[in-house]
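Secondary and tertiary structure notes
Okay, here's what each chain looks like letter by letter:
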Amino acid sequence: MADTKALQLEEKPQLVEAEESRLVSELEKMEAQYEPLLPVEKKLISWSVGLGIVALGLLVWVSYTFFPGTH
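Parameters and conventions
Throughout this document, residue positions are counted from 1 along each chain, in the order its sequence is written. Only residues with pLDDT of at least 70 get local features here, since the model is predicted, and only at 80 or more are side-chain atom pairs given and counted; chain-wide, interface and lining totals rely on the full set of residues. Derived side-chain values reflect all non-hydrogen atoms in the structure, with water molecules and hydrogen atoms excluded from consideration. In DSSP terms, a helix is any run of H or I states spanning at least four residues, a strand is any run of E spanning at least two, and both are numbered starting from the N terminus. A 1.4 Å probe rolled over the protein chains alone gives each residue an accessible area, and that area as a share of the maximum for its type sets the label: buried under 20%, exposed over 50%, partly exposed in between. Exposure was quantified through the Shrake-Rupley algorithm and a 1.4 Å probe, taking into account, for residues, occlusion by the shown protein chains and nothing else. Patch definition: residues with relative accessible area over 30% and no salt bridge; like charges joined within 9 Å; nonpolar side chains (Val, Leu, Ile, Met, Phe, Trp, Tyr) joined within 5 Å. One side-chain nitrogen of Lys or Arg within 4 Å of one carboxyl oxygen of Asp or Glu is enough to make a salt bridge. Only rings of Phe, Tyr and Trp enter the pairing, Trp through its six-membered ring, and a pair is recorded when the two centres are within 6.5 Å. The plane angle decides the type: under 30 degrees is stacked, over 60 is edge-to-face, the rest tilted. Take the number of residues in a helix, subtract one, and multiply by 1.5 Å to get its expected span.

**Quick look at the overall build of the protein chain**
- The number of helices and strands found in the protein chain is two helices and zero strands.
- Within the protein chain, the fraction of its 71 residues that count as buried is 0%.
- Carbon together with sulfur atoms contributes 66% to the accessible area of the protein chain, which is approximately 7500 Å² in total.

**A closer look at a nonpolar patch on the surface**
- Taken together, the side chains of Leu37, Ile45, Val49 and Ile53 define a hydrophobic patch exposed on the protein surface, amounting to about 370 Å² of accessible area.
- Along the chain, Val49 turns up in helix α2 (residues 39-66).

**As for the packing of aromatic side chains**
- All chains considered together, the criterion is met by one aromatic pair.
- Residues Trp61 and Phe66 carry aromatic rings whose centres are separated by 6.2 Å and whose planes lie at 80 degrees to one another, so their mutual orientation is edge-to-face.

**Digging into the pattern of salt bridges**
- Across all of its chains, the model carries one salt bridge by this definition.
- Across the pair Glu26 and Lys29 runs a salt bridge whose closest N-O atoms are separated by 3.6 Å. Of this pair, Glu26 and Lys29 both sit in helix α1 (residues 17-32), separated by three residues, roughly a single helical turn.
- On the basis of relative accessibility, which here comes to 45%, the residue Lys29 falls in the partly exposed class.

**Some details on α2**
- Taking 1.5 Å per residue, 28 residues should reach 40 Å; α2 reaches 40 Å between its end C-alpha atoms and fits that length.
- Counting buried positions along α2 gives zero out of 28 residues, so the element sits mostly on the surface.

Written as structure tokens, this is what we have:
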């Protein structure tokens, strides 16, 4: 049987005041601290995107070269 004291869909779980204020302060810290990407992270992203584009081009070439009837 259904429990009548179960949370309804629109009800939110209640947080203790201390937890809620800590959550709010942590979110404010995250918004205030913008950290730009490091040069090594930028290089990693560019290598990953470049490798993905090259791999996609290679797969398209293989598809058109070895399976011409399916296009």
